[in-house]
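Architecture at a glance
The lines below spell out each chain.
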Amino acid sequence: MQIGAVLVAAGLSSRMQGKNKMLLPFGDKAVIEATYQQLAKAGLTKVVVVAGAYFNEIKESLELREGDCIIENRLYKEGLTTSIQAGVKELVQVDAIMICLGDMPLLKTNDYQFLIKSFAKADKTIQVPFYNKQKGNPVIFARKHFNEILNHTEMNGCSVIVKQNKAAVQQLSVSTDRFILDIDTPEEYQNLLKRID
């Protein structure tokens, strides 16, 4: 099974008091670089990084694997969905897409691999990780949902598509809070820094 990933890094970081969260230091890397490096080793067919705000700076911070790419979403101010759609358009040849967030640098390669292996074995076409009954990320969608994603008009992501396809959803129980920890505020950033290995 060929699975690609859309790594979304296009937002305005509006709650970060003027700093772009993707470019904040995380250990000896930027947040987006730390996230991408773990994802790139997970055995995916292709990773498409989608950037909008600070596109050039994010591009410069990444050393991409051969076959991976970074694209610019000029519509990023309209919402998260536009970035997901831009990435899906680059991955129409794969069997499934994992939608990943660039501000989840705690996720490890083996976390992504666990999701990929679980999805490949499941008979469902959408997989959502849950930690202690809390919905996490990334979510995987099979090819049959690509058109739904491309035609989606809700701008805050694909949660409505998940709700509309309840019978197709595998809720995958995960054993670590890494699947629910992202960076939206300076406080969340400081908390994640304390968790660097």
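Numbers given to residues run from 1 along each chain, matching the order in which its sequence is written. Since the coordinates come from a predicted model, pLDDT governs what is reported: local features require at least 70, and pairs of side-chain atoms require 80 or more to be given and counted, while whole-chain, interface and lining totals use all residues. Side-chain measures here rest on the full set of heavy atoms in the structure, leaving out hydrogens and waters.

**Comments concerning the pattern of salt bridges**
- By salt bridge we mean one thing: a side-chain nitrogen of Lys or Arg within 4 Å of a carboxyl oxygen of Asp or Glu. In this structure the tally under the stated criterion is eight salt bridges.
- For Arg 143, the salt bridge is made with Asp 95, and the minimal N-O distance between the two is 3.8 Å. Here Arg 143 is found in the loop between strand S9 (139-142) and helix H5 (146-150), whereas its partner Asp 95 is found in the loop between helix H3 (80-89) and strand S6 (96-101), with 48 residues between them in sequence.
- Judged by relative accessible area, Asp 95 falls into the partly exposed class, the value being 31%. Helix and strand definitions here come from DSSP, where helices need a minimum of 4 consecutive H or I residues and strands a minimum of 2 consecutive E residues; each element is numbered from the N-terminal end. When accessible area is computed with a 1.4 Å probe and restricted to protein chains, residues below 20% of their type maximum are described as buried, those above 50% as exposed, and intermediate ones as partly exposed.

**A short note on the state of the cysteines**
- Any pair of cysteine sulfurs within 2.5 Å is marked as a disulfide. Taken as a whole and judged by the stated rule, the model has zero disulfides.
- There is no disulfide at Cys 69, and the cysteine sulfur nearest it, in Cys 100, is 14 Å away.
- Overall, Cys 69 belongs to the buried group, its relative accessible area being 18%.
- Free of any disulfide, Cys 100 has its nearest neighbouring cysteine sulfur in Cys 158, separated by 12 Å.

**Here's the deal with the nonpolar core**
- Among buried residues, the Ala, Val, Leu, Ile, Met, Phe, Trp, Tyr and Cys ones that are joined through side-chain atoms within 4.5 Å form a nonpolar core. If you look at the biggest cluster of nonpolar residues, it comprises 34 residues, and the most contacted ones within it are Leu 39, Leu 44 and Met 98.
- Counting only elements with at least two residues in this core, the list comes to strand S1 (3-9), helix H1 (31-40), strand S4 (46-51), helix H2 (55-61), S6, helix H4 (109-121) and S9.
- Among all residues touching Leu 39, those that are not within four sequence positions of it are Ala 5, Leu 7, Leu 44, Val 47, Met 98, Cys 100 and Tyr 112.
- The next biggest cluster of nonpolar side chains, apart from the first, holds 24 residues, and it includes Val 48, Ile 99, Phe 130 and Phe 141. Working rule for contacts: check all heavy atoms of both residues, and any pair within 4.5 Å makes them a contact.

**Observations concerning the environment of His 152**
- By the element assignment, His 152 lies in the loop between H5 and helix H6 (159-164).
- Classification of His 152 as buried rests on a relative accessible area of 10%.
- With 131 residues separating them along the chain, His 152 and Lys 21 place their C-alpha atoms 26 Å apart.
- With residues near it in sequence (within four places) discarded, His 152 still touches Thr 81, Gln 85, Gly 157, Cys 158, Val 160 and Ile 161.

**Overview of H4**
- Helix length check: H4, at 13 residues, gives a terminal C-alpha distance of 19 Å against a target of 18 Å (1.5 Å per residue), a fit within 8%.
- By the burial criterion, the buried members of H4 are Thr 109, Asp 111, Tyr 112, Leu 115, Ile 116, Ser 118 and Phe 119.
- Each element contacted by the buried residues of H4 is listed here: S1, H1, S6, strand S7 (126-131), S9 and strand S10 (169-173). A helix is expected to reach a length of 1.5 Å times the quantity of its residues less one.

Purely spatial values, then, with no claim about function.
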